[in-house]
Amino acid sequence: MTSCESNSSIMVEVDGIQFETVVSERVLPIPEAKRSVFTPVQLGIRITNNTETSFHFSSNFYSMFPELIVPDGQVMQTGIHCERLNRPMESDFFLVLPEKALTFSCNAFLFWIQNPKKKRDRQLTLNIPFPYEDIYVFRPLYPGTYQFRFKYRYSREGIGDLSRWIEPTVLQRIVENLWTGEVLTPLVDIQLVQS
């Protein structure tokens, strides 16, 4: 694994595959503590295939685990909200051709959540929603500089389970060139500021 800088962004490279943390805005104004008021931000992973082989990558909720590091250097606990167990689908896997790139991104938002038992008690929250109503949640947040990254992972252990949901010939095509491994994308500073 190597790190390199290109176009003022930091990337991590594993066996010819580059992983980059995508953050659309590095300074996020804290929104007013009112219903339906939020600050949007796009968060994601850009994957660049610098090999001569095409690879499939998964965009599934459990393949892209976000990490937020608080100003004192601790990794913040992540809340996970799932409406149901979402089965993997063929559409979760994307083929990245040689010398091509693909970005998986989510429209996240910063907002205040109210405690249902104590109406005056509110917490600043970052929600990172994925398709199918899966959400990663970070709270409580405060003004300051945080660091953000994704842990991208996919292992061969769960591949056998995919045959229950994905047609065998399609699954075989995915598995033949499925990139497996685990990588931490580079840390990116995100500053939360009073507006």
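Above this text is the structure in question.
Residues numbered from 1 in each chain as written. Predicted model: local features only at pLDDT ≥ 70, side-chain atom pairs only at ≥ 80, totals over all residues. Heavy atoms only, no water.

1. Overview of the nonpolar core
Among the nonpolar cores identified, the biggest contains 47 residues, and Phe19, Leu43, Phe57, Ile128 and Leu141 are the most heavily contacted of them. Residues in contact with Ile128, not counting those within four places in the same chain, are Leu43, Pro66, Cys106, Ala108, Asp134, Ile135, Tyr136, Phe138 and Phe148. (Core = buried A, V, L, I, M, F, W, Y, C linked by side-chain atoms within 4.5 Å. Buried < 20%, exposed > 50% of the residue type's maximum accessible area, 1.4 Å probe, protein only. Contact = heavy atoms within 4.5 Å.)

2. Looking at the packing of aromatic side chains
On inspection of all chains with the given rule, the structure shows 13 aromatic pairs. The interplanar angle of 35 degrees and the centroid separation of 5.9 Å between the aromatic rings of Phe19 and Tyr152 together place this pair among those described as tilted. In this pair, Phe19 sits in strand E3 (residues 17–23) while Tyr152 sits in strand E13 (residues 144–154), placing the two residues 133 residues apart along the sequence. Taking the relative accessible area as the measure of exposure, Phe19 reaches 0% and is therefore buried. Residue classification places Tyr152 among the buried residues on the basis of a relative accessible area of 0%. Ring centres 5.7 Å apart and planes at 80 degrees place the aromatic pair Phe130 and Tyr136 in the edge-to-face group. Taken together through their ring pairs, the aromatic side chains of Phe19, Phe57, Tyr152 and Trp179 make up a single cluster. (Phe/Tyr/Trp six-rings, centres within 6.5 Å; stacked < 30°, edge-to-face > 60°. Helix = DSSP H or I, 4+ residues; strand = E, 2+ residues; numbered from the N terminus.)

3. Examining the pairing of strand E12 (residues 134–141)
Counting buried positions along E12 yields 6 of 8 residues, so the element is predominantly enclosed. In this sheet, E12 lies alongside strand E8 (residues 79–81) in antiparallel orientation, the contact comprising 3 bridges. Its bridge partner lying in E12, Gly79 is registered against Val137. In terms of strand pairing, strand E11 (residues 122–130) meets E12 through 6 bridges, oriented antiparallel. Bridged to Leu124 within E12 is Leu141. (Pairing = 2+ DSSP bridges.)

4. So, unusual backbone geometry
Note the cis peptide between Arg139 and Pro140, where omega equals -5 degrees. Assignment of secondary structure puts Pro140 in strand E12. In this structure, Ser36 takes a positive phi of about 70 degrees despite not being glycine. Structurally, Ser36 is set in the loop between strand E4 (27–30) and strand E5 (38–49). Owing to a relative accessible area of 69%, Ser36 belongs among the exposed residues under this scheme. You will see that Glu99, though not glycine, has its phi angle at about 65 degrees, which is positive. For Glu99, the position within the fold is in the loop between strand E9 (93–96) and strand E10 (101–114).

5. Regarding the pattern of salt bridges
Pairing of side chains with opposite charge becomes possible as their charged atoms draw close. What the rule picks out here adds up to 2 salt bridges. A salt bridge links Glu32 to Lys34; the nearest nitrogen and oxygen atoms lie 3.2 Å apart. Classification of Glu32 as partly exposed rests on a relative accessible area of 47%. With a relative accessible area of 48%, Lys34 lands in the partly exposed category. Note that Arg149 is salt-bridged to Glu67, the shortest N-O span being 2.8 Å. Of this pair, Arg149 sits in strand E13 while Glu67 sits in strand E7 (residues 64–69); the two residues are 82 residues apart in sequence, bridging distant segments of the chain. For the pair Arg149 and Glu67, a shared accessibility class is recorded, and that class is buried. (Salt bridge = Lys/Arg side-chain N within 4 Å of Asp/Glu carboxyl O.)

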